[in-house]
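Listed below, chain by chain, are the residues.
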Amino acid sequence: MQSNDILVNALGGVVRVRLDFAGHSLDETRLRALQDPWMDARPLDQDAATRDLDVFELSWPFPDEESLQRSIADLSTHATLAAIEGRRGQLLMLHAAGIADDTGKVLAFIGPSGRGKTTLARTVGQHYSYVTDETVGIEPDGTVHSYRKPLSIIREGEDHKEQVAPSLLGLKELPDAELRLGGLVLVSRLPELPEGPEIGRLELCEALAAIVPEVSYLADLDQPLQTMARLVDRCGAIRQVTYSEAADVPDLVPRLLAAAEPDPWEAVLPEPDSAGAHSALNGERYVPARVLDAVESAGQTAIIDSSRVVHILDGVGPVIWRSLCAGRDFDGLARDVEAQFGVPPERSLEEAVSMVLRALADAGLLQRFPDSAA
C-alpha cells in the first residue's frame, strides 16, 4: 500500500483510492484536504483490512489548487460508486440513510435524492449512531455493513457541497455491537403537518414497489423481491414516516424499532415450459413471460419484469397470475376466479378472464400467441 492511498471502509469492503500525481507534485495541505473528510471511515487496521476484505480500486487524479474543492466533492461520489459496484449482486444496497441504536439495530430511512436523507442522518445521528447517509448494505441474513462517508453539506455561495466527516458534526460512533437490520422506513417530507409527524404501516407489495427504485443493481440479486420479503420477516413490516422537520424524527426511533407483525407472503413464479391458457374470445394463447421475481401478499402480487419495472396486481389479477404460474388452462383459470370472486355481474366469466389476460399481456407480463401463428 502506498503511504498516500486513502482507504475507506465501505459496505463490508475497502475502497482504496490511489492518488495519481501525474502533472502535479505532492502538496501536504491539499493531500490532507482530500483525506480528512474520510477520517471516520478509515479501517482501524489498514493492513488487516486490505488482507481480509475485498478491495475495490479507484484511481484519482491529485488536484491542483483551482480544482481542489470540486475534486473533494467528486471523490465522495466516485468512492460510493466504486463500493456499490464492488458489492453488486452480494448485498441488498438501498439508497438510504442509516442509524443504529446501542444494541446494533439499524433503521434504514429510504428515499430518492432530494428527500432530505443527509439532513435526517445529521439530525438523528446526534442521538443514535451514524451508519451512513447514502447507502445501507444488507446481507441476506440481516447483517448491515456501515459506510461512514462524509456528509455533503450545502454552503451558501459555494459551487460544490462541502464534505464533512461525521465526527466533526457531532455524530455518534458505531455501537460496540454487530449491526443488523432493525427496520425499513420510507421517508416523505412535507413543509407543513399540523398534527405533527405521522407513522404509517405499508402492505408488503405496496412497500416493495416503492423500494425497488432505490435498490442498486437490483437485477444482479438472486430473487430480489423474495430477498426483501425475507428481510421484512426479520425486522417487521415496512413503515412510512411523513415529517416536516428532521428534528421531529429522533423521538420516533423507538417506535420505528419496535417490530410490527409482517404480512405473510409467498413466491409466485411460472412453472417451466408452461403451455399457457388459450382464450377463444381473444383468439390468443397466453404464457407467463420471464420475470425477475414475484411475490403475493395480502391480496396483491408484486412482479419485477425483465426490464426491472415493478407491477402490482390486485383484484382478479393475482388469482389469474397464480393459476397461470401453476400451469392451469383457461377453464382452470375461470374456475379459480369463480371460486374466489363468483361470476361477474356485468359480463360473462369467459369475457372477464379474457379481458384480464389481454391486460396482463399488454403490460408485458404474458406472452401472447395468436391463433393464426399457432
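About the criteria used
- Residues numbered from 1 in each chain as written.
- Predicted model: local features only at pLDDT ≥ 70, side-chain atom pairs only at ≥ 80, totals over all residues.
- Heavy atoms only, no water.
- 1 Å grid on protein atoms, 1.4 Å probe; cavity = no way out; pocket = protein on both sides within 12 Å on 5 of 7 lines; lining within 4 Å.
- Points joined across faces, edges and corners; volume = space filled by probe spheres on them.
- Nonpolar A, V, L, I, M, F, W, Y, C, P; charged D, E, K, R; others polar.
- Phe/Tyr/Trp six-rings, centres within 6.5 Å; stacked < 30°, edge-to-face > 60°.
- Lys NZ or Arg CZ within 6 Å of the ring centre and 35° of its normal.
- Pairing = 2+ DSSP bridges.
- Helix = DSSP H or I, 4+ residues; strand = E, 2+ residues; numbered from the N terminus.
- Axes fitted to C-alpha atoms, helices over the stretch in contact; angles between N-to-C directions.
- Contact = heavy atoms within 4.5 Å.
- Core = buried A, V, L, I, M, F, W, Y, C linked by side-chain atoms within 4.5 Å.
- Buried < 20%, exposed > 50% of the residue type's maximum accessible area, 1.4 Å probe, protein only.
- Arc of directions from axis to C-beta.
- Polar contact = N/O pair within 3.5 Å; in protein donor to acceptor, adjacent residues only side chain to side chain.
- Left-handed = near helix turned anticlockwise from the far one by under 90°.

*Asks:* Is there a simple way to explain empty space enclosed by the protein in this structure?
*Replies:* Gaps left between atoms are located by rolling a probe of water-molecule size over the structure's atoms. Evaluated as defined, the whole model comprises two cavities of 30 Å³ or more. The computed volume of the largest cavity comes to approximately 40 Å³. Considering only residue class, the lining of the largest cavity consists of seven nonpolar, no polar and three charged. Estimates place the volume of the second largest cavity at around 30 Å³. As for the second largest cavity, its lining consists of Gly182, Gly183, Cys235, Gly236, Ala237, Arg239, Leu256, Ala258, Ala259 and Ala260. Broken down by class, the residue content of the lining of the second largest cavity amounts to six nonpolar, three polar and one charged.

*Asks:* I keep staring at the packing of aromatic side chains and nothing clicks. Help me out?
*Replies:* Think of a pair of aromatic rings as described by two things: how far the centres are apart, and how the planes are tilted against each other in angle. A full pass over the atoms with the stated rule returns one aromatic pair. One Lys or Arg, Arg285, reaches over the ring of Phe369 and ends 4.8 Å from the middle of that ring.

*Asks:* Explanation requested: the sheet that holds strand E1 (residues 6-10) in the structure shown.
*Replies:* Backbone-to-backbone hydrogen bonds pair the strands of a sheet. The strands run either parallel or antiparallel. Pairing is mixed in the open sheet, where three strands are placed in the order E1-E2-E3. In this open sheet, the two edge strands, each paired with only one partner strand, are E1 and strand E3 (55-61). Within this sheet the neighbouring strands show an average axis-to-axis angle of 25°, counted without direction. Against the sheet, helix H3 (residues 68-86) makes contact with E1, strand E2 (13-20) and E3, and its axis sits at roughly 155° relative to E3, the strand it touches most.

*Asks:* Teacher, can you tell me more about the nonpolar core here?
*Replies:* Most often, soluble globular proteins keep nonpolar side chains buried together rather than apart. Leu94, Ile138 and Leu184 are the most contacted members of the largest nonpolar core, which totals 35 residues. At six residues, helix H6 (residues 224-235) tops the list of elements feeding residues into this core. In this structure Ile138 touches Leu91, Leu92, Leu94, Thr143, Val144, Leu181, Leu184 and Leu231, once residues within four positions along its chain are discounted. Val17, Leu68, Ile72 and Ile84 belong to the second largest nonpolar core, which has 25 residues in total.

*Asks:* Any chance you could explain helix H1 (residues 28-35) here in plain terms?
*Replies:* An α-helix turns once every 3.6 residues. As a result, residues three or four positions apart point the same way. When H1 is considered as a whole, its buried residues turn out to be Arg30, Leu31, Leu34 and Gln35. Each buried residue of H1 sits inside an arc of 135° when the element is viewed along its axis, so together they form one side. Against the buried residues of H1 lie E1, E2 and H3. For H1, the N-terminal capping position is held by Asp27, with its side-chain oxygen 3.1 Å away from the main-chain nitrogen of Thr29.

*Asks:* Teacher, can you tell me more about the packing of helix H8 (residues 317-325) against helix H9 (residues 330-341) here?
*Replies:* What describes two packed helices is the angle between their axes and the distance between those same axes. Where H8 contacts H9, the two axes come as close as 9 Å, and the packing angle between them is 140°. Crossing of H8 over H9 shows right-handed handedness. Residues Val319, Ile320, Ser323 and Leu324 of H8 form the contact with H9, whose participating residues are Leu333, Asp336, Val337, Gln340 and Phe341. Here the residues of the contact of H8 with H9 sort into six nonpolar, two polar and one charged.

*Asks:* Sorry if this is basic, but what is going on with the side chain of Glu296 here?
*Replies:* When you line up the elements, Glu296 lands in strand E18 (residues 291-297). Not counting residues up to four positions away in its chain, the partners in contact with Glu296 are Pro264, Trp265, Glu266, Val268, Thr301, Pro318 and Arg322.

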